[in-house]
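# Coordinates in review
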Amino acid sequence: MTEINDALKIKEGSEYKYYINGEWKKSSSGNVIEIKNPYNNEVVGSVQACTIQEVDQMIHVANDNYECWEQISIKERANVLRKTANIMLEWADTLGYLLMREIGKPLNSAISEIKRTAEIFNATADSASQMIGETMRGDILDESARDKISMTYRVPLGVVLCIGPFNYPFNLTGSKIAPALLAGNSVVMKPSTQGSITALHFGVILEKAGVPNGVFNAITGYGSEIGDHLSSHPLIDMISFTGSSETGKHIAKSAGMKPLLLELGGKDAAIVLDDASLELTVNAIVKGAFSYSGQRCTAVKRVLPMPQIANHLIERVTEQVLQLSVGDPAKNKSIGPLISSKQCDYVQELIDDALEKGAKIICGNKRKGNLMWPTILDNVSLEMRVAWEEPFGPVLPFIRVKSVQEAIDISNKSEYGLQGMIFTENIDLAFNIAQELQVGTVQINGQSSRGPDHFPFLGTKSSGLGTQGVKYAIEAMSRPKVVVMNLSEKGKLVRECEVR
Ligand code: NAP
Ligand code: G3H
């Protein structure tokens, strides 16, 4: 594996430091947080439990340095992003291995997460033209305003706070950092505590790629302890957050009038019509529900099959699920550990509640440590918690429906509105159902998913606020600046023209 240059700066023994103004430091709190591998409980390392004062210092540093970054040309900022992408690709195996140990993601997926982040950095650099504006003359709306010309261009917002979740600690902080930097902002990154060791490497990579000191900074510590101070700080100009709906709503309250981009939870439903292609549907559902053990906002979290296809579908899905291997993420087993034993307890609670209320267990319902076997529940009814709550684990409820309208109603009754799926050969009908679903994105004959990363990605209701995706994020992290030229009579050319 490639040696990560400068690794010695970032840590002492297994203790990682935080990154401020180009320096790696230990917290004055003297406290660290141990990060343990969720599969085998081995200590991966520890990170600093930073103090409120250190949060404050960091935000001031970011604020002091954003103007120097803004003055660098957009072209040069894009070049720095491309260099960043190259370093990530060079270090992908090493970082992926670290990520696998930190969050229990299968090794190949962990390496893909690093490579996908490099792709986002390159795509963001390629989208530098999003930073353009427009010119207008006043007489479009007001004939007496012919001598007014407005020129609009985009400027950065200032200091962008990037907070990411545990399930994509590198990618879902990277997808915020890249547009923030391209648009000319400085960044304070607060990664998820579980996953923060890998995310801290942004400090090494961005510095090596040429980001000036103080423009990118990374703080660690529990969100419950430093989060409010970060999000409510008056020198934070924008917050881009991915995580649970509960935390997102909390941040929205403490942030006040700051612009927000929130990507939150989901309860994506797959509506399967009687004429759906069975093979395609089964593959999409199994992959969609169980990759990274269901710990994805876009996981397929409930299936609503119509009467004639339900039995075949459940049978075929079960056959495939029984083939999924369970175990060590280092060995690329399909199902790995959940992030914590608390999360396993929660998933078990949802299964137990469903069984008590009459659901039928088709497979799974087995646990060893943080490993939970993929579980299929049939005959799930609307009184059961698993019909509505997001397990973030390998549990798939089947809610049998009798009509398309019933499926639409159950989909829309959710507090979430991230994505929806329709499986059918009848594309006209699919299109009409898509119009009815109250979600950010509807997938026709495919599993719910965020990418490709230049697509708009958004949620309605408790699933989010604002739109992610390369060009949308650049737009969200910059604002129009308008200069109006009021032309005077003095230099006016006199032309004689006859109006007929
Ligand atoms: P989480 O518990 O909400 O944590 C997300 C981030 O918020 C972490 O960095 C956490 O730090 C931080 N945090 C916690 N309390 C905070 C506070 N008061 N102020 C500021 N930050 C705070 O979510 P998670 O467990 O990491 O991720 C799982 C959830 O995220 C699921 O609901 C999933 O659906 C959602 N998700 C959504 C998307 C999407 O794009 N829609 C993508 C991925 C995940 P600590 O780690 O230190 O607690
Ligand atoms: O967990 C939420 C992510 O945004 C999902 O991304 O669909 O590419 O796995 P993904």
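What you see is a predicted model; the values in this text were computed from it and never measured.

## As for the sheet that holds strand β26 (residues 478–486)
The strands making up a sheet associate through backbone hydrogen bonding, with each pair oriented either parallel or antiparallel. Reading across from one edge, β7-β8-β26 is the order of the 3 strands in this open sheet, with antiparallel pairing throughout. Taken across any chain shown, the strands that pair with only one partner, and hence form the sheet edges, are β7 (135–137) and β26. On average, each strand axis in the sheet is tilted by 25 degrees relative to the strand beside it, whichever way the strands run. Taken together, the 3 bridges between β7 and strand β8 (residues 148–156) define a ladder with antiparallel strand orientation. Counted as the bridge partner of Met136 is Ser150 from β8.

## Quick word on the sheet that holds strand β19 (residues 375–378)
If you walk across this open sheet you meet the 3 strands as β16-β19-β20, and the pairing is mixed. Looking at which strands have only one partner, the edges of the open sheet turn out to be β16 (360–363) and β20 (395–397). Taken pair by pair, the neighbouring strands of this sheet meet at an average axis angle of 25 degrees, ignoring direction. In this structure, β19 lies alongside β20, joined through 3 bridges in parallel fashion. Following the sheet pairing, Thr375 is matched in β20 by Val395.

## Some remarks on the site of ligand 2
Taken together, the neighbourhood of ligand 2 is formed by Arg116, Asn167, Tyr168, Leu172, Arg296, Cys297, Thr298, Ser449, Arg450 and Phe457. In this structure, an oxygen atom belonging to ligand 2 sits 2.7 Å away from a side-chain N or O atom of Arg116. Between ligand 2 and Tyr168, the relevant distance is 2.4 Å, taken from an oxygen atom to a side-chain nitrogen or oxygen of the residue. Notes on ligand 2: free accessible area 300 Å², of which the protein chains cover 95%.

## A short note on the site of ligand 1
The full set close to ligand 1 counts 30 residues, and Thr193, Ser244, Thr247, Leu264 and Glu390 are the nearest of them. The contact in question runs from an oxygen atom of ligand 1 to an N or O atom on the backbone of Gly164, over 2.8 Å. Between ligand 1 and Ser244 there is a distance of 2.6 Å, counted from an oxygen atom to a side-chain nitrogen or oxygen. In isolation ligand 1 offers 900 Å² of accessible surface; the protein chains occlude 87% of this area. Those elements giving two or more residues to the shell around ligand 1 turn out to be α7 (223–232), β12 (238–242) and α8 (245–255). Tallying contributions element by element places α7 first for the shell around ligand 1, with 4 residues. Grouping the amino acids of the shell around ligand 1 by side-chain chemistry returns 12 nonpolar, 14 polar and 4 charged. Each of two domains, domain 1 (2–264 + 463–482) and domain 2 (269–444), supplies a minimum of three residues to the shell around ligand 1.

## A short note on helix α3 (residues 74–103)
Taking 1.5 Å per residue as the helical rise, α3 with its 30 residues ought to reach 44 Å, whereas the 35 Å between its terminal C-alpha atoms falls clearly short. Once α3 ends, the next one or two residues include Gly104, with phi positive near 70 degrees.

## Structural notes on the domain arrangement of the chain
Looking at the chain, the domain boundaries give domain 1 (2–264 + 463–482) and domain 2 (269–444). With centres defined by C-alpha atoms, the gap from domain 1 to domain 2 works out at 32 Å. Facing the 17 residues of domain 1 at the interface are 21 residues of domain 2. At the boundary of domain 1 with domain 2, total buried surface from both sides reaches about 1,700 Å², with 62% on carbon and sulfur atoms. On the domain 1 side of the interface with domain 2, the three residues burying the most area are Tyr39, Phe166 and Ser463, jointly 33% of the side's total. Between domain 1 and domain 2 we count 1 salt bridge in total. Taking the shortest distance from any N to any O, the salt bridge between Glu415 and Lys249 comes out at 3.8 Å. On inspection of domain 1 and its partner domain 2, the count reaches 8 residue pairs in polar contact (both at pLDDT 80 or more). Mapped by element, the contributors of at least two residues to the side of domain 1 that touches domain 2 are α3, α4 (107–126) and α8. Taken together, the residues of the side of domain 1 that touches domain 2 sort by class into 9 nonpolar, 6 polar and 2 charged.

## Points about the pattern of salt bridges
The tally for this structure, following the rule as stated, stands at 19 salt bridges. Note that Glu12 and Lys26 form a salt bridge whose closest N and O atoms lie 3.1 Å from each other. Remark: Lys26 occurs in the loop between β4 (23–25) and β5 (32–36) and Glu12 occurs in strand β1 (residues 11–12); sequence separation between them is 14 residues. Note on Glu12: relative accessible area 44%, which makes it partly exposed. Asp353 is the partner of Lys357 in a salt bridge, and the nearest nitrogen-oxygen pair spans 2.8 Å. Judged by relative accessible area, which is 11%, Asp353 ranks as buried. Salt bridges here are not isolated pairs; linked through shared partners, they connect Glu12, Glu15, Lys17 and Lys26.

## Some thoughts on the environment of Ile20
Within the secondary structure, Ile20 sits in strand β3 (residues 18–20). You can call Ile20 buried: its relative accessible area is 5%. The residues contacting Ile20, other than those within four sequence positions of it, are Lys25, Gln57, Met58, Val61 and Asn217.

## Regarding the packing of aromatic side chains
One pass over the full model with this rule turns up 6 aromatic pairs. Measuring from centroid to centroid gives 6.3 Å for Phe121 and Phe202, while their planes differ by 20 degrees, and the two rings are stacked. Of this pair, Phe121 sits in helix α4 while Phe202 sits in helix α6 (residues 196–209), and the two are 81 residues apart along the sequence. The same class applies to Phe121 as to Phe202, namely buried. Relative to Phe216, the ring of Phe202 lies with its centre 6.5 Å away and its plane at 55 degrees, an arrangement referred to as tilted. With Phe202 in helix α6 and Phe216 in strand β11 (residues 216–218), this pair connects stretches of sequence that are 14 residues apart. In textbook terms, an aromatic cluster arises when at least three aromatic residues are bridged by ring pairs, as seen for Tyr19, Trp24, Phe121, Phe170, Phe202 and Phe216. A cation over an aromatic ring shows up here: Lys105 above the ring of Tyr292, its NZ or CZ 4.9 Å from the ring centre. Just above the ring of Trp373 sits the side chain of Lys366; from NZ or CZ to the centre is 4.2 Å.

Conventions adopted
Residues numbered from 1 in each chain as written. Chains lettered and ligands numbered in written order. Predicted model: local features only at pLDDT ≥ 70, side-chain atom pairs only at ≥ 80, totals over all residues. Heavy atoms only, no water. Pairing = 2+ DSSP bridges. Helix = DSSP H or I, 4+ residues; strand = E, 2+ residues; numbered from the N terminus. Axes fitted to C-alpha atoms, helices over the stretch in contact; angles between N-to-C directions. Near = heavy atom within 4 Å. Polar contact = N/O pair within 3.5 Å; in protein donor to acceptor, adjacent residues only side chain to side chain. Areas by Shrake-Rupley, 256 points an atom, 1.4 Å probe, with all protein chains shown as cover. Nonpolar A, V, L, I, M, F, W, Y, C, P; charged D, E, K, R; others polar. Domains from an automatic or database assignment. Expected span 1.5 Å × (residues − 1). Contact = heavy atoms within 4.5 Å. Buried area = accessible area lost by both parts, 1.4 Å probe. Salt bridge = Lys/Arg side-chain N within 4 Å of Asp/Glu carboxyl O. Buried < 20%, exposed > 50% of the residue type's maximum accessible area, 1.4 Å probe, protein only. Phe/Tyr/Trp six-rings, centres within 6.5 Å; stacked < 30°, edge-to-face > 60°. Lys NZ or Arg CZ within 6 Å of the ring centre and 35° of its normal.

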